Number of protein chains: 2
Amino acid sequence: MSDTAAAPDLLSWTCPAPVRDRPRVVMGHGGGGAMSAELIEQIVLPALGTAAPAPLTDSAVVELGGARLAFSTDSFVVRPLFFPGGSIGDLAVNGTVNDLAMSGARAAYLSCGLILEEGVEIDTVARVAEALGAAARAAGVRVVTGDTKVVEAGHGDGVYVNTAGVGLVPAGIDLRPQRVVPGDVVLLSGAVGVHGIAIMSERENLRFEADVVSDCAPLGSLVEAMLAVTPDLHVLRDPTRGGLAASLNEIAAGSGCGVVVQERSVPVPPAVAGACAMLGLDPMYVANEGKLVAFAPRGHADAVLAAMRAHPLGAGAAVIGEVVAEHPGMVVARTGLGGTRVVDMPLGEQLPRIC
Amino acid sequence: MSDTAAAPDLLSWTCPAPVRDRPRVVMGHGGGGAMSAELIEQIVLPALGTAAPAPLTDSAVVELGGARLAFSTDSFVVRPLFFPGGSIGDLAVNGTVNDLAMSGARAAYLSCGLILEEGVEIDTVARVAEALGAAARAAGVRVVTGDTKVVEAGHGDGVYVNTAGVGLVPAGIDLRPQRVVPGDVVLLSGAVGVHGIAIMSERENLRFEADVVSDCAPLGSLVEAMLAVTPDLHVLRDPTRGGLAASLNEIAAGSGCGVVVQERSVPVPPAVAGACAMLGLDPMYVANEGKLVAFAPRGHADAVLAAMRAHPLGAGAAVIGEVVAEHPGMVVARTGLGGTRVVDMPLGEQLPRIC
């Protein structure tokens, strides 16, 4: 892509203090990285006990009345509510629609729960709802049930939105990390880091050489186009909080295989690369909301890549790596200089409240 | 019931200033009364536009993959998080399970979205999750998908919980206000006002003659027992925010019929009646979380009442009124002294953040 460049040599991710035995919740517990996973796996899931039959995933596939359903939820606490390329309303629709799409489901119905802070302008609520409605129409999903709560000033931040969604998973689709095997090809649908840098630039009033606009988009039709080529895709993931690094690490851990990424193949727009260099961020760890990473059997990879590139949301798609039998559970990047480095699971948050 | 007494002559509901043209959200917009309805119907729904195909109900009945599903969501912002008889975890399960039950559905799967405030004790998160897990097991529902966000200190209140739920609606069940006709009998499953007074007593550190413990409970099995008597119930509603008054008004408005309530027939425990008299509250407007009101065809009413009384959660069930052709859309109470009064839709909130 002409608007992307090779990733710069990526800054190493430095770990803050250990997260175990912390008595209180810190921002990093919401970052989508290792601290989030620890909170869920060591605190929430044991407490839920048998009420949670399996690790809580972004999107569960369940059977109900003979139908195979994907069911997912996300809360959105992004600050600011409106940013270049989108708003909390767009995120609330696309975040849940995309979680469903990563199970291979086309979203059918959404719920919408609002937590409003006393004193927020009614006009702001209306603008959020308008954005949510427009995003729902664009994604072809209907908002059918809702709830509104109000909390006192100083106990919220304008508007928080939760959406949950249900969709049908077509027969024959089985997308999960356990299906990944050595030889699989890793495909990315386009440039990384755009959503996170767009939020950061708006929040901190930073001005970069080129404006960075969020990539927030619904991925259902792109996934359909890919599954039309082959229903045998192994796993899909949208690299939101924690970025591409977190998604690749989750898949590596879940598959028990190793993942090798060619760093030069990961599309990073120059404006994102420049902003990351200035801010000390690694584009591999910055959140996206309109991108997906796919693990495909080698024999289907070229056809899947072609289908992605033929779709507007996959025009910048690229093969970025492969699955290997070595270093199981670990993600390794081949750097531009010919070296290798480990791409760790992020620990906490780089950019809080990004979605 | 020996532990209930006739409702005291109820205080009239006084309207604050008109809600139209307010520029900002106030606490009353979250009260479940007329102000909540106005925010949803005049602001949110028009903004959502065609993305919301119908008024947003507590529980939508939708078709997906040949299955008839109920789908519902609720956010919970109750303060304090733990109160006599329950916690935000119990409410988060039972609130959504009960919304589904009011469509005749047995809840099957729940999502759980947490919004944690930076600084909240990890132990508090664990206790909320334990309560949620125990409530889910009691209700026979599984938590299959989740999400956790963290907001900075001063932008939340410890823990907010959103749940969404899906369940199957059996064939032949059609519960909605439009099915209500003159002659229908109004049944209530037990004493009103208990949850609201339990929260208020804990929050304000009030001590009444007798402890008041929340009635928070999952109503799915009670509804099943009632529908086993006759699938031809006309409508069910759980009188949460806005209390019995709001539920009866919603049903009257939706049916285009009048509702007459015998005030002496509405079970109000003495401790609730005393607390309400002291606090200037009307028990008809105080929130419940383990009660339901049912509109049944006259010919089935006795059998339904018997089935309710045979269930632990309906032991205090009573016939409290009937549907009439007069005063369409209006709820009227016959008072203990032989007079009548209009039971208005509540406007805003009596007790904020009660669920």
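Notes on the structure in this doc start here. (Residues numbered from 1 in each chain as written. Chains lettered and ligands numbered in written order. Predicted model: local features only at pLDDT ≥ 70, side-chain atom pairs only at ≥ 80, totals over all residues. Heavy atoms only, no water.)

**Observations concerning the sheet that holds strand S14 (residues 340–342) of chain B**
Whether parallel or antiparallel, the strands of a sheet pair through hydrogen bonds between backbone atoms.
Residues and elements named next belong to chain B.
Piece 1. Strand order in the open sheet made by the 7 strands is S9-S11-S8-S12-S10-S13-S14, with mixed pairing throughout. Unpaired on one side and paired on the other, strand S9 (235–237) and S14 mark the two borders of the sheet. Sheet twist, expressed as the mean angle between neighbouring strand axes with direction ignored, is 25 degrees. (Pairing = 2+ DSSP bridges. Helix = DSSP H or I, 4+ residues; strand = E, 2+ residues; numbered from the N terminus. Axes fitted to C-alpha atoms, helices over the stretch in contact; angles between N-to-C directions.)

**Quick notes on the packing of helix H4 (residues 194–203) of chain B against helix H7 (residues 270–279) of chain B**
When two helices pack together, their arrangement is captured by the angle between the axes and the distance separating the axes.
Residues and elements named next belong to chain B.
Piece 1. Put simply, H4 and H7 touch, their axes get as near as 10 Å, and they point 60 degrees apart. With respect to each other, H4 and H7 are oriented oblique. Once H4 is placed against H7, the crossing between them reads as left-handed. Touching Val 194, Ile 197 and Met 200 of H4 are Val 272, Ala 275, Cys 276 and Leu 279, all from H7.
Piece 2. Each residue belonging to the contact of H4 with H7 can be placed in one class, and the counts come to 7 nonpolar, no polar and no charged. (Parallel < 35°, antiparallel > 145°, perpendicular 65-115°, else oblique. Left-handed = near helix turned anticlockwise from the far one by under 90°. Contact = heavy atoms within 4.5 Å. Nonpolar A, V, L, I, M, F, W, Y, C, P; charged D, E, K, R; others polar.)

**Describing empty space enclosed by the protein**
Piece 1. This structure, assessed with the given rule, holds 5 cavities of 30 Å³ or more.
Piece 2. Considering only enclosed or pocket space, the largest cavity measures out at about 180 Å³ in volume.
Piece 3. For the largest cavity, the lining is made up of 21 residues, of which Gly 31, Arg 241, Glu 349, Leu 351 and Ile 354 of chain A are closest to its centre.
Piece 4. Considering only enclosed or pocket space, the second largest cavity measures out at about 120 Å³ in volume.
Piece 5. Residue lining of the second largest cavity: 16 residues in total, with Gly 31, Arg 241, Gly 242, Gln 350 and Leu 351 of chain B positioned closest to the centre.
Piece 6. Across the lining of the second largest cavity, the residue classes tally to 8 nonpolar, 5 polar and 3 charged. (1 Å grid on protein atoms, 1.4 Å probe; cavity = no way out; pocket = protein on both sides within 12 Å on 5 of 7 lines; lining within 4 Å. Points joined across faces, edges and corners; volume = space filled by probe spheres on them.)

**A closer look at the nonpolar core**
Piece 1. Core analysis: the biggest nonpolar cluster contains 110 residues, and Leu 292 and Phe 295 of chain A have the highest contact counts within it.
Piece 2. By residue number, the principal contributor to this core is helix H3 (residues 122–139) of chain A, which donates 8 residues.
Piece 3. If you count residues domain by domain, this core takes at least three from each of domain 1 (59–101 + 106–168) and domain 2 (177–342) of chain A.
Piece 4. Ranked by size, the runner-up nonpolar core spans 109 residues in total, among them Ala 129, Val 150, Val 161 and Val 185 of chain B. (Core = buried A, V, L, I, M, F, W, Y, C linked by side-chain atoms within 4.5 Å. Buried < 20%, exposed > 50% of the residue type's maximum accessible area, 1.4 Å probe, protein only. Domains from an automatic or database assignment.)

**Comments concerning the interface of chain A and chain B**
Piece 1. The partner chain B presents 87 residues to the 87 residues of chain A that form the contact.
Piece 2. Among the residues chain A hides against chain B, the three largest losses belong to Val 25, Phe 71 and Ile 122 of chain A. Together they make up 9% of the total.
Piece 3. Linking chain A with chain B are 10 salt bridges, by the criterion used here.
Piece 4. The partner of Lys 149 of chain B in a salt bridge is Asp 74 of chain A, and the shortest N-O contact between them spans 3.5 Å.
Piece 5. Taken together, chain A and chain B are joined by 33 residue pairs in polar contact (both at pLDDT 80 or more).
Piece 6. At the level of elements, helix H1 (34–48), strand S1 (59–64), strand S2 (67–76), strand S5 (106–117), H3, strand S6 (142–151) and strand S7 (159–168) of chain A are the ones that each hand at least two residues to the side of chain A that touches chain B.
Piece 7. Within the side of chain A that touches chain B, the residues separate by chemical class into 45 nonpolar, 23 polar and 19 charged. (Buried area = accessible area lost by both parts, 1.4 Å probe. Salt bridge = Lys/Arg side-chain N within 4 Å of Asp/Glu carboxyl O. Polar contact = N/O pair within 3.5 Å; in protein donor to acceptor, adjacent residues only side chain to side chain.)

**Observations concerning the relation of the copies chain A and chain B**
Piece 1. Superposition of chain A onto chain B requires a rotation of 180 degrees combined with a translation of 0.0 Å along the rotation axis, giving an RMSD of 0.0 Å. Classification of the inter-copy transformation places it as that of a two-fold axis.
Piece 2. Here 100% of the contact residues of chain A are again contact residues in chain B; the copies associate through an equivalent surface. (Least-squares fit on C-alpha atoms with pLDDT ≥ 70 in both.)

**As for unusual backbone geometry**
Residue and element names in this part refer to chain A.
Piece 1. At the junction of Arg 79 and Pro 80, the peptide bond is cis and its omega measures out at 0 degrees in the coordinates.
Piece 2. Locating Pro 80 in the fold gives a position in the loop between S2 and strand S3 (82–83).
Piece 3. One non-glycine residue, His 327, lies in positive phi territory at about 30 degrees.

**Observations concerning the sheet that holds S2 of chain A**
Residue and element names in this part refer to chain A.
Piece 1. Taken together, the 5 strands give an open sheet; going across it, the order is S1-S2-S7-S5-S6, and neighbouring strands pair in mixed fashion. What marks the edges here is a single partner per strand, and that holds for S1 and S6. Shown here is a sheet whose adjacent strand axes are inclined to one another by a mean of 20 degrees, direction ignored.
Piece 2. In terms of strand pairing, S5 meets S7 through 10 bridges, oriented antiparallel. Across the sheet, the residue bridging to Cys 112 is Thr 163, located in S7.
Piece 3. This element, H3, spans S5, S6 and S7 of the sheet and lies at about 20 degrees to S7.

**Considering the pairing of strand S11 (residues 293–296) of chain A**
Residues and elements named next belong to chain A.
Piece 1. Here S11 shows two buried faces, one formed by Val 293 and Phe 295 and the other by Ala 294 and Ala 296.
Piece 2. In terms of strand pairing, strand S9 (residues 235–237) meets S11 through 3 bridges, oriented antiparallel. Across the sheet, Val 235 pairs through a bridge with Phe 295, a residue of S11.

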